[in-house]
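Residue-level listing of the chains:
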Amino acid sequence: MSSETLVQVITANLLREGHVVWLTPEGGWSRDLAGAQCFAGRPAAEAALARAAAQTDVVVGAYLASMRPTPAGPEPVHFREAFRRAGPSARARGVTQA
Amino acid sequence: MYVYDDFDRDFLAERNRQFRAQVERRLSGALTEEEFRPLRLMNGLYLQLHAYMLRVAIPYGTLNPVQMHKLADVGERWDRGYGHFTTRQNIQFNWPQLVDVPDMLDALAEVGLHAIQTSGNTIRNVTADHFAGAAADEIADPRPWAELIRQWSTDHPEFQFLPRKFKIAVTGAPNDRAVTRAHDIGLRMVRRDGETGFELIVGGGLGRTPMIGKVIRDFLPTGDLLPYLEAIVATYNLLGRRDNKFKARIKITVHENGIDRVRELVEARFAETRAEFDADAMAAHFAHIAAQFAPPALRAADPAPLDTARAADPIFRAWADTNLHPHRDPSHAIVTISLKAHGETPGDATSEQMRAIADLAETYGYGEIRISHEQNVILPHVARADLPALHATLRRYGLATANVGLVSDIIACPGMDYCALATARSIPIAQDIALHFERLKLEHDIGPLKIKISGCINACGHHHVGHIGILGLDRAGVETYQITLGGDGSEDATLGERTGPGFSAEKIIPAIERILRSYLDLRQSREESFLAAYRRLGAAPFKAALYHEEKADAA
Ligand code: HEM
Ligand code: SF4
């Protein structure tokens, strides 16, 4: 796969709840990756990351994650981002939810 | 067990008050994350992959039923109805919200539980043999010493900013169930000429540079314990490297300077610490602690041979064969309650299960509960006559899995299902192995086996000392599992040997099966365990089984 086809999203954890979130085009945070804003170019992504990371009373640990654009929205390139979207493996969620 | 006095209670209350104020200041924006992070870590609060995680210490693995009920309540109210018991005798709550953590800590403090020094470059929760105070092979209960160490190390002014985290484990028995040789300091009680003392081991550790600890003192009179520990930690505090996080553990200090040099420095320092030390005051204080660990008055019970129950019920028989351990009193037994039901997350217990365990400990176990580093729960004192009734209740709560010490009794770290540092998942691999061998009905045939899985090189799952160790890595964006064989965490501690290239998540289960099938073919008898066979045969036949078929598959 060539890197030109990839886009970047900005992801973080919510300060209060800890939940995984993605930056939306409106500048808010969504718990749904499909709602994330995709950045095609590095400079734009990094500028947006700097702004997002400055929301220190809302999120913790903001960073860029590579995604493959699809008609259904961004799809994680790396399995770690896929797990962050999906939550723990179904059977790892604790015995109550197995 | 040890009961907190007013001093302990005030200390905890004050710490919790401080942390509540710190959380408020973080939420209001008065503290930045950079300022807040070390404060939350000092109180056991991590931010993981999906949520915060609160790590609560269970000092030397000892709990009473009231505390277990409280853990159940905390899990229900602020987590998702469960908790995760770890290899360091802690419990982790995986879903707390930051705003709730001060309330959780207050609730825990009501029963003397806390999260202090479960993180950071401090002396961490002191771990101990989970059969302490009950095992037939024990010289003495090591927990009073562990408690003394806990008190000495908690909030120790000199040791809050060590070069790196510092872990101490204690055992009172010659059979080392506390993995003392893989700790920064391991203490083993020994007897010499009728006197009880400690063998002191330093510089063990796992992680990216695994090392087996070395003996720094083969016999230390018990009365010298604190000044000697003080001398070791002070020497490390000066000598340990602060320039490189990966070289900061005492294992590297010992490795780089040599055990003889470290011993020389420690002994020189010990001459000073010992002179300053008030041995009489410590002896009096120790006697006060030891009194609180007085063994329960065991009721005179029939050393019931269990023949009738065993003959009548094959399910009970299978459980009694694997989950019991000899008690020093022949009319009693040590019961291990498996938290490794096939297909479940190793170490997880629901709040309902925690309550059932607490009530069983009250009814049949003299109110004593232990958590093992193998992520199981122990009832250390149960009259043999009560075992059938106990077993029947355990079954009702999904707690009667008969697999202690077998292929499905796996230690697994949280891995990429929870941990932000992970390079691969470990829980689903543990679940798949357990289910696979359950389906093959080979578990009891294979016999004693320790499989340990870590989701990155930090080795929280102890994979280096697993008879079969599995390390999850990220190889070019694919979860890949590397195998080590022949590791051992016991008194004969050995690091496992890497077999070669790793396997994908799909191929790791058949790979483990190939190793174990070749063991079944090669063993001299059922009495020869996997580890014994490996020691006799070396790695070659197992590697052949592992990679020969791989090549055949690829061809
Ligand atoms: C948030 C989750 C965790 C984080 C961030 C974490 C972090 C680490 C790190 C960085 C190391 C390597 C230390 C070194 O080599 O200097 C380590 C080692 C270790 N951790 Fe964890 N860990 C986590 C969870 C756990 C859990 C759940 C357990 C118990 C099941 C555990 C037990 C251990 C043990 C036994 C070691 C290796 C022994 C040693 O310290 O050398 N950790 N951990
Ligand atoms: S071994 Fe790695 S993945 Fe597993 S808990 Fe430790 S840091 Fe996390």
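Residues numbered from 1 in each chain as written. Chains lettered and ligands numbered in written order. Predicted model: local features only at pLDDT ≥ 70, side-chain atom pairs only at ≥ 80, totals over all residues. Heavy atoms only, no water.

### As for the overall build of chain A
- What chain A contains, in helices and strands, is two helices and five strands.
- Moving toward the C terminus, one meets the helices and strands of chain A in the order β-β-β-α-β-β-α.
- By residue count, 45% of the 98 residues in chain A fall in the buried class.
- Relative to all contacts within chain A whose residues are 6 or more apart in sequence, the contacts with residues 24 or more apart total 53%.
- By element, 55% of the accessible surface of chain A is carried by carbon and sulfur atoms, the whole surface being about 4,700 Å². (Helix = DSSP H or I, 4+ residues; strand = E, 2+ residues; numbered from the N terminus. Buried < 20%, exposed > 50% of the residue type's maximum accessible area, 1.4 Å probe, protein only. Contact = heavy atoms within 4.5 Å. Areas by Shrake-Rupley, 256 points an atom, 1.4 Å probe, with all protein chains shown as cover.)

### Considering the interface of chain B and chain A
- On the side of chain A, 28 residues touch chain B, which itself brings 40 residues to the contact.
- Of the roughly 2,800 Å² buried between chain B and chain A on both sides combined, carbon and sulfur atoms contribute 56%.
- When the buried surface of chain B facing chain A is broken down by residue, Leu-49, His-50 and Met-416 of chain B rank first, second and third, together holding 20% of it.
- On the surface where chain B and chain A come into contact, there are zero salt bridges.
- If you look at where chain B meets chain A, you find eight residue pairs in polar contact (both at pLDDT 80 or more).
- For the side of chain B that touches chain A, the secondary-structure elements that each account for two or more residues are helix 1 (6–27), strand 13 (348–350), helix 14 (427–440) and strand 19 (478–485) of chain B.
- Here the side of chain B that touches chain A gets five residues from one element, more than from any other, and that element is helix 14 of chain B.
- Taken together, the residues of the side of chain B that touches chain A break down into 19 nonpolar, eleven polar and ten charged. (Buried area = accessible area lost by both parts, 1.4 Å probe. Salt bridge = Lys/Arg side-chain N within 4 Å of Asp/Glu carboxyl O. Polar contact = N/O pair within 3.5 Å; in protein donor to acceptor, adjacent residues only side chain to side chain. Nonpolar A, V, L, I, M, F, W, Y, C, P; charged D, E, K, R; others polar.)

### Things to note about the layout of surface pockets
Residue and element names in this part refer to chain B.
- Within this model, the second largest pocket holds a volume of roughly 790 Å³.
- The wall of the second largest pocket is formed by 35 residues, among which Arg-177, Glu-374, Gly-405, Pro-448 and Lys-450 lie closest to the centre.
- Going through the elements one at a time, helix 11 (314–323), strand 11 (324–326) and helix 17 (530–537) are the ones with two or more residues in the lining of the second largest pocket.
- The dominant element in the lining of the second largest pocket, judged by the number of residues it contributes, is helix 11, at three residues. (1 Å grid on protein atoms, 1.4 Å probe; cavity = no way out; pocket = protein on both sides within 12 Å on 5 of 7 lines; lining within 4 Å. Points joined across faces, edges and corners; volume = space filled by probe spheres on them.)

### Some remarks on the sheet that holds strand 11 of chain B
All names here are of chain B.
- Pairing in this open sheet of five strands is antiparallel, and the strands run 3-14-15-12-11 from one edge to the other. The sheet terminates laterally at strand 3 (62–63) and strand 11, the two strands that pair on one side only.
- In this structure, strand 12 (residues 332–337) lies alongside strand 15 (residues 377–383), joined through five bridges in antiparallel fashion. What sits directly across from Val-335, in strand 15, is Leu-379. (Pairing = 2+ DSSP bridges.)

### With respect to the coordination of the iron atom of ligand 1
- Of all protein atoms, just one serves as a donor to the iron atom of ligand 1, and that atom is Cys-460 of chain B (SG), at 2.2 Å.
- Turning to its location among the elements, Cys-460 of chain B is positioned in the loop between strand 17 (451–454) and strand 18 (468–475). (Donors = N, O, S within 2.8 Å, 3.2 Å for Na, K, Ca; no water.)

### Brief notes about the environment of Ala-173 of chain B
Residues and elements named next belong to chain B.
- Looking at where Ala-173 falls in the secondary structure, it is placed in the loop between strand 7 (168–171) and strand 8 (185–192).
- When its relative accessible area of 0% is taken as the criterion, Ala-173 is described as buried.
- Distance from Ala-173 to Glu-14, taken between C-alpha atoms, is 37 Å for residues 159 residues apart in sequence.
- With residues near it in sequence (within four places) discarded, Ala-173 still touches Asp-129, Asp-137 and Glu-138.

### Looking at the nonpolar core
All names here are of chain B.
- One finds Met-68, Trp-319, Leu-379, Leu-387 and Leu-390 to be the most contacted residues of the largest nonpolar core, which totals 58 residues.
- Looking at this core, the element that brings in the most residues is helix 12 (residues 351–364), giving six residues.
- Leu-148, Val-170, Leu-220 and Ala-234 belong to the second largest nonpolar core, which has 41 residues in total. (Core = buried A, V, L, I, M, F, W, Y, C linked by side-chain atoms within 4.5 Å.)

### Side note on the pattern of salt bridges
- Tallied over the full model, the rule gives 36 salt bridges over all chains.
- The closest approach of N and O atoms between Glu-46 of chain A and Arg-42 of chain A, which form a salt bridge, is 3.1 Å. Highlighted residues: Glu-46 of chain A and Arg-42 of chain A, both in helix 1 (residues 42–53), separated by four residues, approximately one helical turn.
- Measuring nitrogen to oxygen at the nearest pair gives 2.9 Å for the salt bridge that ties Glu-14 of chain B to Arg-17 of chain B. In this pair, Glu-14 of chain B and Arg-17 of chain B both sit in helix 1, three residues apart, roughly one turn of the helix.
- Using a relative accessible area of 35% as the deciding quantity, one classes Glu-14 of chain B as partly exposed.
- Taking relative accessible area as the criterion, Arg-17 of chain B reaches 52% and is therefore assigned exposed.
- What you see here is one network of salt bridges that share partners, running through Arg-80, Glu-81 and Arg-84 of chain A.

### Overview of the side chain of Arg-249 of chain B
Residues and elements named next belong to chain B.
- Residue position: Arg-249 is located in the loop between helix 6 (225–239) and helix 7 (250–257).
- At 3.4 Å, the side chain of Arg-249 forms a polar contact with the backbone oxygen of Lys-165.
- Within the structure, Arg-249 has its side chain in polar contact with the side chain of Asp-184 (distance 2.9 Å).
- Not counting the four nearest positions on each side in its chain, Arg-249 is found in contact with Arg-164, Lys-165, Lys-167, Asp-184 and Tyr-236.

### Observations concerning the environment of Cys-419 of chain B
- Following the sequence through the fold, Cys-419 of chain B ends up in the loop between strand 16 (411–412) and helix 14.
- Considered as a pair, Cys-419 of chain B and Leu-27 of chain B are 392 residues apart in the sequence and their alpha carbons are 24 Å apart.

### What to know about the site of ligand 2
- As a matter of local geometry, ligand 2 sits amid Cys-413, Pro-414, Gly-415, Cys-419, Leu-421, Ala-422, Ser-454, Gly-455, Cys-456, Asn-458, Ala-459 and Cys-460 of chain B.
- Taken together, the residues of the shell around ligand 2 break down into eight nonpolar, four polar and no charged. (Near = heavy atom within 4 Å.)

### With respect to unusual backbone geometry
Residues and elements named next belong to chain B.
- One non-glycine residue, Val-179, lies in the positive phi region at around 50 degrees.
- Turning to its location among the elements, Val-179 is positioned in the loop between strand 7 and strand 8.
- Of note in the backbone geometry, Ala-459 takes a positive phi value of approximately 70 degrees without being a glycine.
- Positionally, Ala-459 belongs in the loop between strand 17 and strand 18.

### Digging into the packing of helix 7 of chain B against helix 8 (residues 259–276) of chain B
Residues and elements named next belong to chain B.
- Remark: helix 7 packs on helix 8, axes separated minimally by 6 Å, with the N-to-C direction vectors making an angle of 110 degrees. Judged by the angle between their axes, helix 7 and helix 8 are roughly perpendicular. Packed against helix 7, whose contacting residues are Thr-253, Val-254 and Asn-257, the element helix 8 presents Ile-259, Arg-261 and Val-262 at the interface.
- Residues of the contact of helix 7 with helix 8, tallied by class, amount to three nonpolar, two polar and one charged. (Axes fitted to C-alpha atoms, helices over the stretch in contact; angles between N-to-C directions. Parallel < 35°, antiparallel > 145°, perpendicular 65-115°, else oblique.)

### Comments concerning the domain arrangement of chain B
Residue and element names in this part refer to chain B.
- Each assigned domain of chain B is listed with its residue range as follows: domain 1 (6–109), domain 2 (142–291), domain 3 (304–396) and domain 4 (412–554).
- Relative to domain 2, the C-alpha centre of domain 1 lies at a distance of 27 Å.
- In this complex, domain 1 contributes seven residues to the contact, which on the side of domain 2 involves nine residues.
- Of the roughly 680 Å² buried at the junction of domain 1 and domain 2 (both faces included), carbon and sulfur atoms supply 56%. (Domains from an automatic or database assignment.)

### Here's the deal with the site of ligand 1
Residues and elements named next belong to chain B.
- Neighbouring ligand 1 are 22 residues, the closest being Gln-48, Thr-87, Lys-167, Arg-249 and Cys-460.
- Here Leu-206 contributes a backbone N or O atom positioned 3.0 Å from an oxygen atom of ligand 1.
- In this structure, an oxygen atom belonging to ligand 1 sits 2.8 Å away from a side-chain N or O atom of Arg-249.
- Classifying every residue of the shell around ligand 1 gives seven nonpolar, eight polar and seven charged.

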